[in-house]
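# Coordinate inspection notes
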Amino acid sequence: MITTTLRKLAGAKSAGSWLITLAMYGLALSWLYPFVWMVMASLKPTPEIYTTSLFGGHLSLGNYDFLFSSATKLNRPFLGALGISFGVTITVTISVLVTSAFIAYALARIAFPLRERFRDFLLLQMVIPTMMFTLPMFVLIKELGLINSYGALIFPSMMSGWGIYMVSQSFKGMPQDYIDAANLDRARLWHIVLKIMVPLNKSIIAIVALFTFTGTWDNFMWPLIVISDVDKMPLSVLLATFSKHYGVYVGPVMAGAVLQTLPLVLLFIFFRRHFLQGMSLTLK
Amino acid sequence: MRAFIGKISESHIGALLALSYLLFSAIFWAYPFIWLIILSFSDWRFFDAPIFSGLHNVVVVLRDPEFWGGLWNVVRFFSIYFPIAFVGSLGFAFGLEHVGRGKAFIALCFLLANISSGVAFSLVFAKLFSSTGPINNMVLSWFGFRIPWMSNPNLAMLAIALVVAWKFIGYYGLILYSGLQTIPKELYDAALLDNTPPLMRLVRITLPLINAQLIMVLVFTILVSFAIFTEPYLITGGGPLGRTNMPLMIIYETAFRRLQPSHAAMMSVIIAAVSYVLIRITRKLLEKDVKLA
Amino acid sequence: MILRAIQLLWLTGSMVLLTCCSSGHNQSPPRAQIIKLWVGPNEAEESFWKVAVAQWNASGQGLQVSFTTIPTSGNSEETVLSALVAQTEPDVSTNIFSGFAMQLANLKQLEPLSSMPGYAALIERRHMTKLIGSWQINGTVYAIPFYSNPALIWWRADILAKYANQKIPRTYEDVYQLSRRYAAAEHRYGFQVIAGRGWEDRWFDFIALYYAASNGRAYIENDKATYNNADGLKVAEFIDRMYEQGWTAADFDAADPLVSGMAAGAVHGPWDLGTFQRMYPETMKNIVIGPIISDAEPAAHTATFSDSKGIVIFRSSKVKKEAFAFISWVLGDLHLNLLWLQKTGMMPARDDLLRNPEFADFFNTHPADRVYATYVDVASPPALNENTIDIQKVMTQELVGPLVFRAKTPQAALNDAASQTDRILRLRQ
């Protein structure tokens, strides 16, 4: 009786698939375990982290307090690093979104000479592995005198070929009528792009925004190479090096990890619908 | 002024926009690319000008046991990671098919792992896998021993593979799932009429028809195997006896601890070439253009 | 639209130009009149330098000094290197270990200090003649050691009392006997042989043991591994025996083994004295300090490894002579040496620690530090070679690791390690 009701609730098609549905839910929830553990560990004092059950122990914000006040004494400015991460990531994301939207529009809807060559170039760039560029990029940054500066974190990422390509694929699929109507009104380019194309392609914009934000926020190897001054490090590097040398302070490390993950999780939750829709687009 | 602007046609605007990206690429892509070529074939140690040294770097890199160790570790990682990721994502895709309600919720739970901070999670998993961590506590209470994740070379690689798989199974699974959606129902109905056993159905119908998605997953796993840095760097730091020392870590260390950026540049070129060739071969061999009659 | 595009282009272009041309060579205004100093990134050192620099500046003996801690998040070598590459390095830096100094010297980034006026007098005054030998690269000194911390073994006196007749183990046989009795129980080990998984941990296991066995002989000479000899074999056989008998473990990572009693002895440097006093005062009451074990006669003053860092002057500095004057003063001033000892617990790199009346009071009231001071003159720093990391990684992977996991015989492990090291060093010519 109960099982049948549950089964109907789950919309399962048969007895077998009811079990599978259950299994999938179980798996999905267990996939979240590391998150839960991380958050709980960040709320417990360090000696209790390994010895208490998941939700047990004395919960408090002590670790966060440590991170923001005492850690500064150890030469680890976490609050500053958080600010740097935000500043750099938001700048890069906005820059990429704006440039991608405009250039994608050009690529998708404006016939200009050598347009197909440009598209081929974008594809070529995406195929060539980027890891090779890390070292020479370091040399370039050194020549520009940008080592140990925020510029080193921002400038190389201000435009993204991937972003342009993805957005242009989405723009391509739009019916021409909208644009013709706008042109009839003698609309300017920025109006067409920002007021018409972007709102109608929210999913792909969300995807590009989310991946750019995540990629920049969590970027580890590049800032590790290019920034050595503790006061200029983004949170990802500061957290990692803090853990390497003060790994015994497990509680604060977990608190830092929560901080590092929180913006990404929040963004993900807010934009989940767009994200899911956009995923199907990218998989084409 | 207006009239002048009006005369500038749309195609000029388009060209200018494309040009802006090309200018950006010239600085941040082409110029480093040129430097890469220069660095790879010269001797440079951060100070003074690079001195042309021909193929010397190739010789040095190919004789470096650590370099070959790194490549071998890529093979080891792939051989552990691919089966886990492949079976896991296939299972996910098939499982998702049978779920009635809540597909989106399940997909989101898995995707959350993909979208979160690799730095944060490497640290979390390093704690989870430690000898007094929750995983070992569970194993201890069930089986009575602790798993030495970090001190056994093979277990350390397995630990990293599990972490990366945790991150990507949802994403790969969705790729395969979207492929499964494109298979027309009639094919299965016809197979059922013929009393085809499930295994045959899987191998003869399903897998070939999602060939494109399977190849995509395979290519991604190859790319991941060559490119991981954050997870091994933070979880094992190169592992017991250097057995989780991955190429990017070796390149980083060669450049900045051994102070040999030219060797590191040549290493990165060789590794990139190897991964590129491998992917092309994989595609050539396995990609089938499957057409539905 | 088109104006926008033009604006965008112009903005990007000008940003690039601005940043490109406003930096690099002439970034800061000429700072000829102060000496910029970088010091080790920890509180204790910082507090010492605050006093030292304030005294110098107040006395007006030379150029004013301004210091900051190395702005690193853990890897000070990388930070120093980064600064050199970006040309934002200071004039003087401390916290440089010998291998890194050699790397920088080979890249012509350091000023040879041995040719500075007043060098010989400084070495004499500070009684460093014996110590300075291991910091000489072809007779030239690029880094002067500031402190020298010998590695010694801490033992739990209560465990020794019960299982070793209160004798502090000095030879391999002593350790075997202790382990036979103490390690008979589950989850207990005689001695923590291996200090850790990283290449830097070799300093505190194999290298320390080798120095003890060979009386301080170098393990790398002329770009060749020289530890594949009778002394090296004794060390390898010791490690092998300990793991074969199960008298030590591969992994001690949880709580500190001396505190929990998991091991009766472990290698520690003098910096741990303060930490342990703070965190584990009960355990500290039970600690006795002994030399690194070796098969040399017990009466001999066993050699050991010295964790040692030095001071350098960068070649780009415009105030080299003045900087050297400052360094000479800090190194030579007895009161400052004592202050350093008091604030950081680390041994100043000088031969006369126990003879000099300045330090007598301190050592009389700090018996543990006194033990360390007696070993400063027989403690040798790492071999002077710029490929420290490679050398020690080979030690980890070919020698120590296989012995721990019982994958090679001691002689085979030594052979492999030595030949691999030779090959790599030849490669890096």
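Conventions adopted
Residues numbered from 1 in each chain as written. Chains lettered and ligands numbered in written order. Predicted model: local features only at pLDDT ≥ 70, side-chain atom pairs only at ≥ 80, totals over all residues. Helix = DSSP H or I, 4+ residues; strand = E, 2+ residues; numbered from the N terminus. Rg over C-alpha atoms; globule rule 2.2 N^0.38 Å. Buried ≥ 20, exposed ≤ 12 C-beta atoms within 10 Å, placed from the backbone. Contact = placed C-beta atoms within 7 Å. Nonpolar A, V, L, I, M, F, W, Y, C, P; charged D, E, K, R; others polar. Pairing = 2+ DSSP bridges. Axes fitted to C-alpha atoms, helices over the stretch in contact; angles between N-to-C directions. Expected span 1.5 Å × (residues − 1). Bend = angle between axes of the 7 residues up to and from the residue. Parallel < 35°, antiparallel > 145°, perpendicular 65-115°, else oblique. Domains from an automatic or database assignment. pLDDT = per-residue confidence, 0-100.

The next thing to look at is the overall build of chain B. Along its length, chain B carries 14 helices and 2 strands. The C-alpha radius of gyration of chain B comes to 25 Å, more than 25% above the 19 Å expected for a compact globule of 293 residues. Principal-axis analysis of the C-alpha atoms places the extent of chain B at approximately 75 × 70 × 40 Å. Burial status across chain B gives 45% buried among its 293 residues.

A count of helical and extended segments in chain C gives 18 helices and 13 strands. Counting all 429 residues of chain C, 48% fall into the buried class. The contacts in chain C between residues at least 6 apart in sequence include a share of 76% that link residues at least 24 apart.

Okay, the interface of chain C and chain B next. In this assembly, 26 residues from chain C lie in contact with 29 residues from chain B. Elements with a contribution of two residues or more to the side of chain C that touches chain B: helix 1 (2–21), helix 3 (76–86), helix 17 (388–404) and helix 18 (410–427) of chain C. For the side of chain C that touches chain B, the class distribution of residues is 13 nonpolar, 8 polar and 5 charged.

So, on to the sheet that holds strand 7 (residues 152–156) of chain C. All names here are of chain C. Pairing is antiparallel across the open sheet formed by 3 strands, whose spatial order is 10-7-11. The strands lining the two open edges of the sheet, one partner per strand, are strand 10 (265–268) and strand 11 (287–290). Pairwise comparison of adjacent strand axes, ignoring direction, gives a mean angle of 35° for this sheet. Strand direction decides the pairing type here: strand 7 and strand 11, joined by 4 bridges, are antiparallel. Directly across from Trp-154, in strand 11, lies its bridge partner Ile-289.

Look at helix 4 (residues 65–98) of chain B: 49 Å from first C-alpha to last across 34 residues, which is about the 50 Å you get at 1.5 Å a residue. Helix geometry: helix 4 of chain B is bent most strongly at Tyr-81 of chain B, by close to 25°, with proline Pro-83 of chain B lying one to four residues after it.

Once that is clear, we can look at the packing of helix 8 (residues 134–143) of chain A against helix 2 (residues 10–40) of chain B. Between helix 8 of chain A and helix 2 of chain B, the least distance of the axes is 8 Å, while the angle of their chain directions is 110°. Compared by their axis directions, helix 8 of chain A and helix 2 of chain B come out roughly perpendicular. Contacts between helix 8 of chain A and helix 2 of chain B involve Leu-135, Pro-136, Met-137, Val-139 and Leu-140 of chain A on the former and, on the latter, Tyr-31, Pro-32, Trp-35, Leu-36 and Leu-39 of chain B. A per-class count over the contact of helix 8 of chain A with helix 2 of chain B returns 10 nonpolar, no polar and no charged.

Our next topic: the domain arrangement of chain B. The domain architecture assigned to chain B consists of domain 1 (2–40) and domain 2 (58–286). Taking only C-alpha atoms, the centre of domain 1 of chain B and the centre of domain 2 of chain B are 37 Å apart.

As a further point, take the environment of Pro-184 of chain B. If you trace the backbone, Pro-184 of chain B turns up in the loop between helix 8 (153–181) and helix 9 (185–193). C-alpha separation for the pair Pro-184 of chain B and Leu-209 of chain B, spaced 25 residues apart in sequence, amounts to 9.9 Å.

This part takes up the packing of helix 9 (residues 230–244) of chain C against helix 17 of chain C. Residues and elements named next belong to chain C. Contact geometry for helix 9 and helix 17: axes closest at 8 Å, N-to-C directions at 25°. In terms of their interaxial angle, helix 9 and helix 17 are classed as roughly parallel. Only Leu-399, Val-400, Leu-403 and Val-404 of helix 17 make contact with helix 9, whose side of the interface consists of Ala-236, Ile-239, Asp-240 and Tyr-243.

Residues and elements named next belong to chain C. The buried fraction of strand 3 (residues 92–97) amounts to 6 of the 6 residues, a majority that puts the element mostly inside the structure. Across 2 bridges, the pairing between strand 1 (residues 34–39) and strand 3 is parallel. What sits directly across from Trp-38, in strand 3, is Ser-93. Here strand 3 pairs with strand 12 (residues 304–313) via 4 bridges, running antiparallel. By the bridge assignment, Phe-97 is partnered in strand 12 with Lys-309.

Another aspect to go through is the interface of chain B and chain A. Contacts between the two partners involve 64 residues from chain B and, on the opposite side, 65 residues from chain A. Listed by contribution, the elements that provide at least two residues to the side of chain B that touches chain A are helix 2, helix 4, helix 5 (103–115), helix 6 (118–128), helix 8, helix 12 (230–235), helix 13 (247–256) and helix 14 (261–286) of chain B. The dominant element in the side of chain B that touches chain A, judged by the number of residues it contributes, is helix 2 of chain B, at 16 residues. Looking at side-chain class alone, the side of chain B that touches chain A contains 47 nonpolar, 14 polar and 3 charged residues.

Before going further, it helps to examine the confidence of the model for chain C. Residue and element names in this part refer to chain C. Summarising the model, chain C shows a mean pLDDT of 86, and 90% of its residues fall at 70 or more. Note on residues 5–11: pLDDT under 50 across the span, and 7 contacts to partners over four residues away in sequence or across chains. Here residues 13–29 is modelled with pLDDT under 50, and outside its nearest four sequence neighbours on either side it reaches 11 contacts, counting other chains as well. Reported confidence for the predicted complex is 0.82 by ipTM and 0.81 by pTM.

Another aspect to go through is the environment of Ala-18 of chain B. Following the sequence through the fold, Ala-18 of chain B ends up in helix 2. Separated by 133 residues in sequence, Ala-18 of chain B and Ser-151 of chain B place their C-alpha atoms 52 Å apart.

For the rest of this paragraph, the subject is unusual backbone geometry. Residue and element names in this part refer to chain B. One non-glycine residue, Phe-46, lies in the positive phi region at around 75°. Positionally, Phe-46 belongs in the loop between strand 1 (42–43) and strand 2 (51–52). One non-glycine residue, Leu-259, lies in the positive phi region at around 55°. Relative to the elements of secondary structure, Leu-259 occurs in the loop between helix 13 and helix 14.

Turning our attention to the domain arrangement of chain C. All names here are of chain C. Partitioning chain C into domains gives domain 1 (31–148 + 306–380) and domain 2 (150–303 + 384–427). Relative placement of domain 1 and domain 2: their C-alpha centres are 29 Å apart. Between domain 1 and domain 2, the contact holds 21 residues from the first and 18 residues from the second. Among the elements that make up the side of domain 1 that touches domain 2, the one with the highest residue count is helix 4 (residues 98–106) (5 residues). Taken together, the residues of the side of domain 1 that touches domain 2 sort by class into 11 nonpolar, 8 polar and 2 charged.

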